[in-house]
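The chain contents come next:
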Amino acid sequence: MAVERTDVLVVGAGQAGIAMSEHLSRQKIPHLVLERGRIAEKWQSGRWDSLVTNGPVWHDCFPGLTFEGDTEAFAPKEEVAAYFRRYAEMIEAPVRTGVEVTEARRCEGRPGFHVTTSEGEVEARFLVAATGAFQVPVIPDVVPQTPGLTQIHSSDYRNPGQLPEGGVLVVGAGASGAQIAEELLEAGRAVHLAIGDHDRPPRRYRGRDFTWWLGVLNKWDAEATPGDSHVTIAVSGVGGGKTVDFRALAARGLHLHGRLERHDRGTVHFAPDLARSLADGDASYLKLLDEADAFVLRNGLSLPEEPEAREMLPDPPSVTDPVLSLDLTAEGITTILWATGFRQDYSWLKTDSFDEDGHPIHTRGIGQEPGTYFLGLPWQTRRGSSFIWGVWYDAGYIADHIAKQRGYLDFSPPRPIQERDPERKA
């Protein structure tokens, strides 16, 4: 079978791959995008049924195409997948779906990479891993597999009816954990939620969504500093969008706990840090309100004051008298739902591009191995890098770099003019 050749091979046709294709096309750089599933597959099959975007559609989109309908709405996952299909069609992205990349290696004795796929061999001068940040679900090795206890990751959760009858322990207080815990509570389940470090922004403040505030305050463009760790954001677009308030959920019957630390003979044990985690979340919330108020004053904006946004519910008993251990059987808990994030998997990419833990070694997406690039990583260039709109700007940076590298590689100096022999007669 003949080997297909292209300048740039992009692996993945989610938001990162489609953004990459647009910028490469603008640079008139030949490329191919391979996707093992469908375009935006994770939005279609890797999320729960009721998922909506965490930002309003005026914000969570690419500059070249808006969502249809109310710009302040939060799009269901099916609409997000359809949006990326429309975008790929609009820009005529050269996407091939149903093609899995199984291995990519640097070519021997010549430039570029040799890539093995489920439909043949491809060689490319440049390789972009646009598989994003959410690849392999992470379930901590804490609770052993036990008869009568279902353990499921949030990526495999679809709806409350999917779970066995009984109570649910949700582990993780980011957007996924908070939203799923509330959905289960509304379905009449007994729900326990283990909370760790988190930021808790207001959904809206003074008439503007928090995504707008993070934009004008330059927080989306904040760059990571050495030693920074990722902190989850507790935010929700459900029901038109709301501020996540764990105390309010507790008042409705949800049981709050600190970080899940260990399991011992059917009992799980929690860290005594619930009050601190909630206080830190409150601090991040109030800090954003303070910065927003200062911005309004400094710029003379006519935005309505909202003093009630600073009112806090009293701490529930689960905070003032925390439950540090829980007998799962005695409490009727039949499911542990792990909203504990993902790890990256680049096992198919056989290049010198990774540290000892398998994390890409890169500078703003430019891989350590010349010719390799990464796109869609958290904090790749800034706080917004793994978000829909953020990945679009990072893709432009990578496309510019590829264009520059093509210029260097294609450069051929003019043949030098032979100097005349001064003793030779003309």
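Everything here concerns the structure above.
Notes on the structure follow. (Residues numbered from 1 in each chain as written. Predicted model: local features only at pLDDT ≥ 70, side-chain atom pairs only at ≥ 80, totals over all residues. Heavy atoms only, no water.)

**Overview of the sheet that holds strand 15 (residues 255–257)**
We count it as follows: Think of it this way: DSSP has to see at least two bridges between two strands before they count as a pair. Here a strand is any run of E in DSSP of at least two residues, a helix any run of H or I of at least four, and the numbering for each starts at the N terminus. Helix axes are fitted to C-alpha atoms over the stretch in contact, other axes to C-alpha atoms as well, and angles between N-to-C directions run from 0 to 180 degrees. Contacts: residue pairs with any heavy atoms within 4.5 Å of one another.
An order of 8-19-9-10-15 is seen for the 5 strands of this open sheet, with the pairing classed as parallel. Of all the strands in the sheet, the pair left with one neighbour each is strand 8 (150–153) and strand 15. Taking each pair of neighbouring strands and ignoring which way they run, the sheet shows an average axis angle of 20°. On the sheet, helix 4 (residues 175–186) packs against strand 9 (167–171), strand 10 (191–194) and strand 19 (333–338) and is oriented at approximately 165° with respect to strand 10.

**Thoughts on the packing of aromatic side chains**
What counts is decided by this rule: Aromatic contacts are taken between Phe, Tyr and Trp rings whose centres are within 6.5 Å, Trp giving its six-membered ring; a plane angle under 30 degrees counts as stacked, one over 60 as edge-to-face, and the others as tilted. Any Lys NZ or Arg CZ that is within 6 Å of a ring centre and within 35 degrees of that ring's normal is treated as a charge sitting over the ring.
Evaluation of the coordinates by the stated rule reveals 18 aromatic pairs. With centroids separated by 4.3 Å and ring planes inclined at 10°, the aromatic side chains of Phe67 and Tyr83 adopt a geometry described as stacked. Taken as a pair, Phe67 in the loop between helix 2 (41–45) and helix 3 (77–90) and Tyr83 in helix 3 lie far apart in primary sequence, 16 residues in all. With centroids separated by 4.8 Å and ring planes inclined at 80°, the aromatic side chains of Trp212 and Trp213 adopt a geometry described as edge-to-face. Put simply, the rings of Phe62, Phe67, Tyr83, Phe84 and Tyr87 pair up and form one aromatic cluster. The ring of Trp220 carries the charged tip of Arg383 above its face, separated from the ring centre by 5.9 Å.

**Observations concerning unusual backbone geometry**
The phi dihedral of Lys28 falls on the positive side, at around 60°, and the residue is not glycine. With respect to the helices, strands and loops of the structure, Lys28 is situated in the loop between helix 1 (15–26) and strand 2 (31–35).

**A few points about the sheet that holds strand 17 (residues 267–270)**
In space, the 3 strands of this open sheet follow the order 16-17-18, with antiparallel pairing throughout. Among the strands making up the open sheet, the edge pair consists of strand 16 (260–264) and strand 18 (325–327). Averaged over all pairs of adjacent strands, the angle between strand axes in this sheet comes to 20°, irrespective of strand direction. Pairing geometry for strand 16 and strand 17, over 4 bridges, is antiparallel.

**Some points on the pairing of strand 2**
Test applied: Throughout, exposure labels follow a simple rule: accessible area from a 1.4 Å probe, protein chains only, divided by the maximum for the residue type, with under 20% read as buried, over 50% as exposed, and the rest as partly exposed.
Taken across its 5 residues, strand 2 has 5 buried, putting it largely inside the fold. Of the two faces of strand 2, the one holding His31, Val33 and Glu35 and the one holding Leu32 and Leu34 are both buried throughout.

**Comments concerning a negative patch on the surface**
What counts here: Only residues whose relative accessible area exceeds 30% and that take part in no salt bridge are eligible for patches, with like-charged residues grouped when within 9 Å of each other and nonpolar side chains (Val, Leu, Ile, Met, Phe, Trp, Tyr) grouped when within 5 Å. Accessibility throughout is a Shrake-Rupley quantity obtained with a 1.4 Å probe, and a residue counts as covered only by protein chains that appear here. A side-chain nitrogen of Lys or Arg and a carboxyl oxygen of Asp or Glu constitute a salt bridge if their distance falls within 4 Å. His is not counted, nor are the chain ends, whereas Lys and Arg count as positive and Asp and Glu as negative. The atom standing in for a charge is NZ when the residue is Lys, CZ when it is Arg, CG when it is Asp and CD when it is Glu.
On the surface, Asp49, Glu68, Glu78 and Glu79 cluster together into a negatively charged patch. In this fold, Glu68 is placed in the loop between helix 2 and helix 3. Take Glu68: its relative accessible area is 65%, and that puts it in the exposed class.

**Describing the environment of Pro316**
Topologically, Pro316 is positioned in the loop between helix 7 (274–299) and helix 8 (317–320). With 67 residues separating them along the chain, Pro316 and Leu249 place their C-alpha atoms 9.8 Å apart. Not counting residues within four places of it along the chain, the set of residues in contact with Pro316 comprises Arg247, Ala250 and Leu256.

**Description of the layout of surface pockets**
Filter applied, for reference: In the cavity and pocket records, a cavity denotes points on a 1 Å grid over the protein atoms alone where a 1.4 Å probe fits but cannot get out, a pocket denotes an open set with protein on both sides within 12 Å along at least 5 of 7 lines, and lining residues are residues with an atom within 4 Å of a point. Grid points are joined across faces, edges and corners, and a volume is the space filled by probe spheres set on the points. Each residue is assigned to one of three groups, with Ala, Val, Leu, Ile, Met, Phe, Trp, Tyr, Cys and Pro labelled nonpolar, Asp, Glu, Lys and Arg labelled charged, and all others, Gly among them, labelled polar.
There is about 220 Å³ of room inside the second largest pocket. Taken together, 13 residues form the lining of the second largest pocket, with Asp199, Lys219, Ser284, Leu288 and Arg383 sitting closest to its centre. Those elements that place two or more of their residues in the lining of the second largest pocket are helix 5 (210–216) and helix 7. If one sorts the elements of the lining of the second largest pocket by residue count, helix 7 sits on top with 5 residues. Along the lines of polarity and charge, the residues of the lining of the second largest pocket split into 6 nonpolar, 1 polar and 6 charged.

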